[in-house]
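Listed below are the residues making up each chain.
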Amino acid sequence: MTPLVLAVPSKGRLQENAARFFAQAGLNLVQSRGARDYRGVIAGVPDVEVLFLSAAEIVAQLASGGAHLGVTGEDLIREDIADADAVVELLTPLGFGQANVVVAVPQAWIDVRSMADLDDVAADLRHRHGRRLRVATKYINLTRRFFAEHGIADYRIVESFGATEAAPASGTAEIIVDITTTGSTLAANALKVVDDGLILRSEANLVASLKAPWSPEAQAAARTILTRIAAEEEARTTRELRARLPEFDAALRAELEERLSCRFPFGGSDERGFVAIHVPATQVFAAVELLSANGADPVTVQRLDAVFHATNSLAERLFARLG
């Protein structure tokens, strides 16, 4: 029997956010011997082993098939796994750990606003001084791919092991490729992002390994986990409206479905004229106005704890990739 292995961050805010994410879906991560235990379980879900690892270790385990599922940033997946889309499936973003991988240059370079301008700087540096533009970064593979897409070849990478944003000021590099959330650290170091220098918008994702040994037990556990996550995710982004309508006709239903992406989980109105409608959270007030304009009174709105379906897109996408 091969249990499902779930790899999650072992410390810091990422661990706290991951634990909160799973708990919201009714999946409580338990470290039986306390916070120093690097193995755990999911309470009430059999055939699951939880590993608490560093971010780099999670990516390595997903790439090798040592973990079936993992929580890590897309930036690390794209950087550390060659041909990532053939090795893993990014199932769903988790709403935390957001950051952008960007190309940043000194603010004093007032004429450098784009990657094309940067190419001119690199060519000029090579022509005038006989050396290549130095790029300090931890994201070697992402940088090479992005620069190749923009036709920039006259550069060399200076691998960064510390505070990358300090490299231009210290003289170890002219520009950097680094991750940023608010941009304040770049600004504090007199750096700016070039206009088309966004390499990747990253955030924490639930990632599945296509190299792992997906035993029947692992697949069953994955279906349980993904069903709960999908149910919580849909509930979080959906509101349930209940309305009493004097007449609920096909035209009103079609407008709700087509214009506002509403769904009718229990069919049309009941014998008392009440109808239940699932509405995207962003469209609640538009739906209320439309219902009220058609004579609905009252209209109530409530949050949902979970919305379960016989199938869910997360599990179906994973199993389709597994064949």
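Residues numbered from 1 in each chain as written. Predicted model: local features only at pLDDT ≥ 70, side-chain atom pairs only at ≥ 80, totals over all residues. Heavy atoms only, no water.

*Asks:* Can you tell me about the sheet that holds strand S12 (residues 204-209), naming the residues and giving the values?
*Replies:* Taken in spatial order, the seven strands make up an open sheet running S2-S3-S4-S1-S5-S12-S6, and their pairing is mixed. Only two strands of the sheet have a single neighbouring strand rather than two, namely strand S2 (29-30) and strand S6 (88-93). Pairing analysis gives two bridges linking S2 to strand S3 (residues 39-42), with the strands arranged antiparallel. Bridge pairing in S3 links Leu-29 to Ile-42. Those strands touched by helix H2 (residues 55-64) are strand S1 (4-9), strand S4 (48-53), strand S5 (69-73), S6 and S12, and its axis lies near 135° from that of S5. Against the sheet, helix H9 (residues 216-236) touches S1, S3, S4, S6 and S12, its axis set at about 45° to S1. (Pairing = 2+ DSSP bridges. Helix = DSSP H or I, 4+ residues; strand = E, 2+ residues; numbered from the N terminus. Contact = heavy atoms within 4.5 Å. Axes fitted to C-alpha atoms, helices over the stretch in contact; angles between N-to-C directions.)

*Asks:* I'd like to hear about the pattern of salt bridges, residue by residue, with values.
*Replies:* Counted under the stated rule, the structure contains 15 salt bridges. Between Arg-78 and Glu-74 there is a salt bridge, with its nearest N and O atoms 3.2 Å apart. You can see Arg-78 and its partner Glu-74 sitting in helix H3 (residues 74-80), four residues apart, about one turn around the helix. The exposure class of Arg-78 is partly exposed, given its relative accessible area of 22%. The partner of Glu-174 in a salt bridge is Arg-131, with the nearest N and O atoms 3.1 Å apart. (Salt bridge = Lys/Arg side-chain N within 4 Å of Asp/Glu carboxyl O. Buried < 20%, exposed > 50% of the residue type's maximum accessible area, 1.4 Å probe, protein only.)

*Asks:* Could you give me a rundown of helix H5 (residues 115-129), with the residues and numbers involved?
*Replies:* Residues lying three or four places apart along an α-helix face the same way, a consequence of the helix completing one turn every 3.6 residues. The terminal C-alpha atoms of H5, which comprises 15 residues, lie 21 Å apart, in line with the 21 Å expected from a rise of 1.5 Å per residue. Of all the positions in H5, only Met-115, Leu-118, Ala-122 and Leu-125 are classed as buried. Burial along H5 is one-sided: seen end-on, the buried residues are contained in an arc of 70°. Counted as exposed and oriented over 90 degrees from the buried face of H5: Asp-120, His-127 and Arg-128. (Expected span 1.5 Å × (residues − 1). Arc of directions from axis to C-beta.)

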